[in-house]
Amino acid sequence: MRELDRNLSESPTFQRCAIVGAGRLGHALAAALRDAGIEVEGPLGRGAQPRAEVVLLCVPDGEIQAAAEATAAQLVGHCSGATTLDALGDREGFSLHPLMTVPAGAKAPFEGAGCAIAGTTERALAAARGLARALRMRPVEVADADRAAYHAAASIAANFLVTLESAAERLAATAGVPREHLVPLARAALENWAADGGEHALTGPVARRDEATIARQRQAIEERAPDLLDTFDALVAASRVLAEA
Ligand SMILES: NC(=O)c1ccc[n+]([C@@H]2O[C@H](COP(=O)([O-])OP(=O)(O)OC[C@H]3O[C@@H](n4cnc5c(N)ncnc54)[C@H](OP(=O)(O)O)[C@@H]3O)[C@@H](O)[C@H]2O)c1
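Computed from a prediction, not measured in an experiment: that's the story for all the values here. Per-chain numbering applies: the sequence of each chain, read as written, is numbered from 1 onward. Reporting in this predicted model follows two pLDDT cut-offs: at least 70 for local features of residues, and 80 or more for side-chain atom pairs to be given and counted; totals over whole chains, interfaces and linings ignore these cut-offs and use all residues. Hydrogen atoms and water are omitted, and side-chain values are computed over all heavy atoms in the structure.

**Student:** How do you make sense of the overall build of the chain when you look at a structure like this?
**Tutor:** Each helix corresponds to a stretch of at least 4 residues labelled H or I by DSSP, and each strand to a stretch of at least 2 residues labelled E; elements are numbered beginning at the N terminus. The helix and strand tally for the chain stands at 10 helices and seven strands. Overall, the chain is about 75 × 35 × 30 Å in size when its C-alpha atoms are taken along their principal axes. Relative accessible area decides the class of each residue, using a 1.4 Å probe on protein chains only: under 20% of the type maximum gives buried, over 50% gives exposed, and in between gives partly exposed. Burial statistics for the chain: of 245 residues in total, 37% are counted as buried. A contact between two residues is defined here by any heavy atoms of the two lying within 4.5 Å. For the chain, contacts bridging at least 24 residues in sequence account for 52% of all contacts bridging at least 6. Just so you have it, the chain exposes about 14,000 Å², and 54% of that area is on carbon and sulfur atoms. Surface accessibility follows the Shrake-Rupley procedure with a 1.4 Å probe radius. Residue values consider only the protein chains on display as shielding.

**Student:** Looking at this model, I keep getting lost on the layout of surface pockets. Mind explaining?
**Tutor:** Over the atoms, a rolled probe matching the size of one water molecule traces out where space is still vacant. Detection works on a 1 Å grid of protein atoms alone, calling trapped sets that fit a 1.4 Å probe cavities and calling open sets with protein on both sides within 12 Å along at least five of seven lines pockets, with lining residues defined by an atom within 4 Å of a point. Grid points are joined across faces, edges and corners, and a volume is the space filled by probe spheres set on the points. In this structure, the second largest pocket occupies an estimated 870 Å³ of space. Mapped by element, the contributors of at least two residues to the lining of the second largest pocket are helix H2 (24–35), strand E5 (93–98) and helix H5 (147–174). Per-element accounting of the lining of the second largest pocket gives the leading share, six residues, to H5. Three classes are used: nonpolar for Ala, Val, Leu, Ile, Met, Phe, Trp, Tyr, Cys and Pro, charged for Asp, Glu, Lys and Arg, and polar for all others, with Gly counted as polar. Classifying every residue of the lining of the second largest pocket gives 16 nonpolar, 11 polar and three charged.

**Student:** Honestly, the site of the ligand in this entry has me stumped. Any pointers?
**Tutor:** Near is defined per residue: the residue qualifies when any heavy atom it owns lies within 4 Å of the molecule or strand. Residues in close proximity to the ligand total 20 residues, the closest being Arg24, Leu25, Arg46, Asp61 and Val102. Contacts to the ligand include Gly23, whose backbone N or O atom sits 3.4 Å from an oxygen atom. A 3.5 Å cut-off defines polar contacts: any pair of N or O atoms within that distance qualifies, except that in protein one atom must be a possible hydrogen donor and the other a possible acceptor, and neighbouring residues in sequence count only when both atoms are side-chain atoms. At a separation of 2.9 Å, an oxygen atom of the ligand approaches a polar backbone atom of Arg24. To be counted as sitting in a cavity or pocket, a molecule needs more than half of its atoms within 2 Å of that site's grid points. Of all the cavities here, the one that holds the ligand is the second largest pocket. At the level of elements, H2 and E5 are the ones that each hand at least two residues to the shell around the ligand. Each residue belonging to the shell around the ligand can be placed in one class, and the counts come to 10 nonpolar, six polar and four charged.

**Student:** Looking at this model, I keep getting lost on the sheet that holds strand E6 (residues 114–119). Mind explaining?
**Tutor:** Strands in a sheet are paired, the pairing made by backbone hydrogen bonds, and the direction either parallel or antiparallel. Whether two strands pair depends on DSSP finding at least two bridges between them. In spatial order, the strands read E2-E1-E3-E4-E5-E6-E7; together these seven strands make up an open sheet with mixed pairing. The sheet is open, and its two edges are formed by strand E2 (39–44) and strand E7 (138–141), each paired on a single side. Across the sheet, the mean angle from the axis of one strand to that of its neighbour is 25°, orientation sign disregarded. As defined by bridge partners, strand E1 (residues 16–20) adjoins strand E3 (residues 54–57) across three bridges and the pair is classed as parallel. The partner of Ala18 across the bridge, within E3, is Val55. Against the sheet, helix H4 (residues 122–134) engages E1, E3, strand E4 (75–78), E5, E6 and E7, with an angle of about 25° to E5. Every angle, taken between N-to-C directions, lies between 0 and 180 degrees, and every axis is a line fitted to C-alpha atoms, over only the stretch in contact when it is a helix.

Structure representation (structure tokens):
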């Protein structure tokens, strides 16, 4: 029996893996896996040939196929949220997407984070689950057909939230109110949503059905930041649906 088979049959978490791609996620995952007691090779750069039988690709989405083709490992995984398993070709493989934002040079808080996993075989899926659990993340299997919707949800939850807060910051600045004053409000709204869900957490003029105030807000945006009007209108419409629920 080869080493990997022995490892996976003994425990859901194998003891050794290589990371290819020495960027933000590659560095963070290598450090976290080492902290979890897993022997890690890398993060390795282009052209390196890992010795480990399990290889985790932390390369840009468009490079996954080429990087997978370049490795001879038994099991290859990628870390992209939007990419399906097809990118691994006909290799036995898996995907493992931490639902966490990982900036450059920072230790990422993987513990407690969600983690979308998928595998071309039960063994590959078990490898993904084992890695996620070793990092104390919460693995959830996401099928290829659901991948784009799942990733869009992640973008809305994190990326668009930042875009939205930045829009609020711009508008507040026109009234002489700095960002720090918005932060406790934004945190409280997020915590309320996390605890109770959107239907209970929504407050403000839309929840109160205060049409006069919504109209005054809209007029102020038209005067001070007209490029935000479409976003405002779309969010008012979406908030009305939530308020009805
Ligand atoms: N960062 C996050 O918050 C985050 C979170 C979850 C998932 N992810 C996923 O993680 C993956 C990597 O993202 P990232 O943010 O870590 O990207 P990144 O910081 O841009 O790092 C990518 C690294 O891969 C290297 N690379 C590119 N092509 C390669 C190849 N063929 N062989 C070996 N190395 C190669 C790049 O080297 P060069 O500089 O030489 O090109 C770079 O060091 C993506 O699939 C992304 O969707 C990222």
